[in-house]
Amino acid sequence: SFGPYTPVSNVGDLYFTAGQVGVDFSTKTAGADITQQTNKALDNLAAVLATVGLALDDVVKTTVFLTNMDDAAVFNEVYTARFSGQRPARSMVAVAELPRVATNRPLIVEIEAVAAKEQA
């Protein structure tokens, strides 16, 4: 179950996601490094967006939280591969720590997004 928040909410055609982390929620474990955690965070983001009929291609803005800016270059490699078309606007900030939802290691990346649903 989720914490005291909604995974995705909308105002009109804009959809706002809660931050997604690099955790496999079926096992409550996190990847060993920034590559694994970033890929899983983006998988989780895609899954949340899919619940409202959207995909990563619909994302127009992301905010990225890293616990270590030394991970930014590797993060960017993964992020660039996953957002291969028009890349969303983005902010990236360093944070002291992220929520402790994994049982095996600290989380090092979190990604939240704003997506737009085009009018039919």
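Worth saying up front: this structure is predicted, and the values here are computed from it rather than measured.

Novice: Even after reading the chapter, I still don't get the overall build of the chain, so can you show me in this structure?
Specialist: Assigned secondary structure in the chain consists of two helices and eight strands. Helices and strands in the chain line up, N terminus first, as β-β-β-β-β-α-β-α-β-β. Taking 120 residues into account, the globule formula puts the C-alpha radius of gyration at 14 Å, and the chain, at 14 Å, falls close to it. Dimensions of the chain, computed from the C-alpha atoms along their principal axes, are close to 45 × 30 × 20 Å. Classification of the 120 residues of the chain by burial places 38% in the buried group. Carbon and sulfur atoms make up 52% of the accessible area of the chain, which amounts to about 6600 Å² in all. When the 9 basic and 13 acidic side-chain charges of the chain are each reduced to a single mean position, those positions are 3 Å apart.

Novice: Explain the environment of alanine 73 here, please?
Specialist: When you line up the elements, alanine 73 lands in helix α2 (residues 72-82). Once the C-alpha coordinates of alanine 73 and isoleucine 34 are considered, the two residues, 39 residues apart in sequence, prove to be 9.9 Å apart.

Novice: Explain the pairing of strand β1 (residues 8-11) to me, please; I cannot follow it from the model alone.
Specialist: Two faces make up the sheet, and in a regular strand the side chains alternate between them. Direction of pairing for β1 relative to strand β2 (residues 14-17): antiparallel, over a ladder of four bridges. Looking at β2, one finds that asparagine 10 is bridged to tyrosine 15.

Novice: Can you help me understand the nonpolar core in this one?
Specialist: In globular proteins that are soluble, nonpolar side chains generally tend to be buried together. In this structure, Leu45, Leu49, Leu66, Phe75, Val109 and Ile111 are the most contacted members of the largest nonpolar core, which totals 23 residues. Those elements that place two or more of their residues in this core are α1 (34-50), β6 (59-66), α2 and β8 (109-116). Filtering out sequence-adjacent residues up to four positions away, phenylalanine 75 remains in contact with Ile34, Thr38, Val64, Leu66, Arg90, Met92, Val109 and Ile111. If you look at the next biggest cluster of nonpolar residues, it comprises seven residues, including Val21, Val23, Phe65 and Leu107.

Novice: Would you take a moment to explain the pattern of salt bridges for this structure?
Specialist: Where charged atoms from two side chains of opposite charge approach closely, those side chains can pair. Taken as a whole and assessed by the stated rule, the structure comprises two salt bridges. In this structure, aspartate 43 engages arginine 82 in a salt bridge whose closest nitrogen and oxygen atoms are separated by 2.8 Å. Placement of the pair is aspartate 43 in helix α1 and arginine 82 in helix α2, with a sequence separation of 39 residues.

Conventions and cut-offs
Residues numbered from 1 in each chain as written. Predicted model: local features only at pLDDT ≥ 70, side-chain atom pairs only at ≥ 80, totals over all residues. Heavy atoms only, no water. Helix = DSSP H or I, 4+ residues; strand = E, 2+ residues; numbered from the N terminus. Rg over C-alpha atoms; globule rule 2.2 N^0.38 Å. Buried < 20%, exposed > 50% of the residue type's maximum accessible area, 1.4 Å probe, protein only. Areas by Shrake-Rupley, 256 points an atom, 1.4 Å probe, with all protein chains shown as cover. Lys, Arg positive; Asp, Glu negative; His and termini not counted. Charge placed at Lys NZ, Arg CZ, Asp CG, Glu CD. Pairing = 2+ DSSP bridges. Core = buried A, V, L, I, M, F, W, Y, C linked by side-chain atoms within 4.5 Å. Contact = heavy atoms within 4.5 Å. Salt bridge = Lys/Arg side-chain N within 4 Å of Asp/Glu carboxyl O.

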